[in-house]
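The residues making up each chain are set out below.
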Amino acid sequence: MRFRFSILLLLLSSSAVAQDITLLSQDITINRFVDGTLLIPNDSNIEEIPLAIIIAGSGPTDRNGNQNFMQNNALKKLAESLSKNGIATFRYDKRSVKLIRQGNTDIEIMFDDFIADAVSVLDYFKTKYNFKSISIIGHSQGSLIGMVAAHQGADSFISIAGAGNTIDEVIVEQVELTAPMFTEDTKRVFAVLKEGKTTTDFPPALTSFLSVDVQPFMSNWMSYDPKHEIDQLDIPILIINGSKDLQVSESEARLLYENTKNADIVIIDKMNHVLVPIEGDALENSKSYNESGRKLSSDLIDSIVKFVKNE
């Protein structure tokens, strides 16, 4: 995938609305690729509170869960909600975000790079802090990134809207549902990618996810099977999905659950992919991706807090 395009501590505070807890915020540079924000409940003893590392989904997604034309602050609201409930959180910009902001050109990013970034974050907090425990929370694409990184010493793992099938299988299923006339072409291109090759022989309609520049990234991504990766985790696992998720169905969450040893699963009624309750139709659902004023599902927060705190 190609894009053209010291530790800094800023001490801020914000007041929690529901629980009247003040948060200490530190902007931290983990390495030359990763910048993020640590939230800690003020006056807390770090050794007595858990940390949750939040990993964003696909695309150039920043620490708050936003992209250029998608501003919902889902991950910012998630981090703040957890921290107001006594869980320190660290959320960070995807590597692609930093490269775009720096104006770097022709930088090839592989899926392995996102895993390396997550492992770097985990290692940073294991060596420089002494939190009671460290959980990894992966949203969407971040679920697979997080479950691979969690092998390096996380105490627990939470998948939110994570796929159970490999990315090529997920995309083929989506094409079958939305543009079935391109199903065979999609399968054919993925078969080429599985051989470690690239191809220019595909319909223009598939360019958004199968352009030649993107193919090496896709090939790398599809080499990871979520079913296998989650099966290898020997730590507590929580799998969460919303019943109104337009991108990742409940069946994907259940597939992950069926391949785990130590997991709980929660399907949250009416929650969508950006973690907010949807009462109406698909139009309301899609519009919510760019509506930052919506509140997150309270069931989502409650489920994560109870799991991380082992309540």
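Residues numbered from 1 in each chain as written. Predicted model: local features only at pLDDT ≥ 70, side-chain atom pairs only at ≥ 80, totals over all residues. Heavy atoms only, no water.

Student: Describe helix 6 (residues 183-194), and please don't skip the residues or the numbers.
Tutor: Helix length check: helix 6 (12 residues) gives 17 Å between terminal C-alpha atoms against 16 Å at 1.5 Å per residue, within 8%. When helix 6 is considered as a whole, its buried residues turn out to be T183, T186, V189, F190, V192 and L193. Contact partners of the buried residues in helix 6: helix 5 (167-178), helix 7 (207-210) and helix 8 (215-222). Once helix 6 ends, the next one or two residues include G196, with phi positive near 80 degrees. (Helix = DSSP H or I, 4+ residues; strand = E, 2+ residues; numbered from the N terminus. Expected span 1.5 Å × (residues − 1). Buried < 20%, exposed > 50% of the residue type's maximum accessible area, 1.4 Å probe, protein only. Contact = heavy atoms within 4.5 Å.)

Student: Please set out helix 1 (residues 74-83) residue by residue, giving values where relevant.
Tutor: Of all the 10 residues making up helix 1, seven are buried; the element is thus mostly covered by neighbouring parts of the structure. Among the residues of helix 1, those classed as buried are A74, L75, K77, L78, A79, L82 and S83.

Student: Which residues make up the pairing of strand 5 (residues 51-55), and what are the values?
Tutor: With respect to burial, strand 5 is a largely interior element, five of its five residues being buried. Burial along strand 5 is two-sided: the residues L51, I53 and I55 and A52 and I54 are all buried. The pairing of strand 5 with strand 6 (residues 88-92) spans four bridges and is parallel. Residue pairing in the sheet places L51 in a bridge with A88 of strand 6. Each parallel crossover has a hand, and the one from strand 5 via helix 1 to strand 6 is right-handed. (Pairing = 2+ DSSP bridges. Right-handed = clockwise from strand over helix to strand, strands pointing away.)

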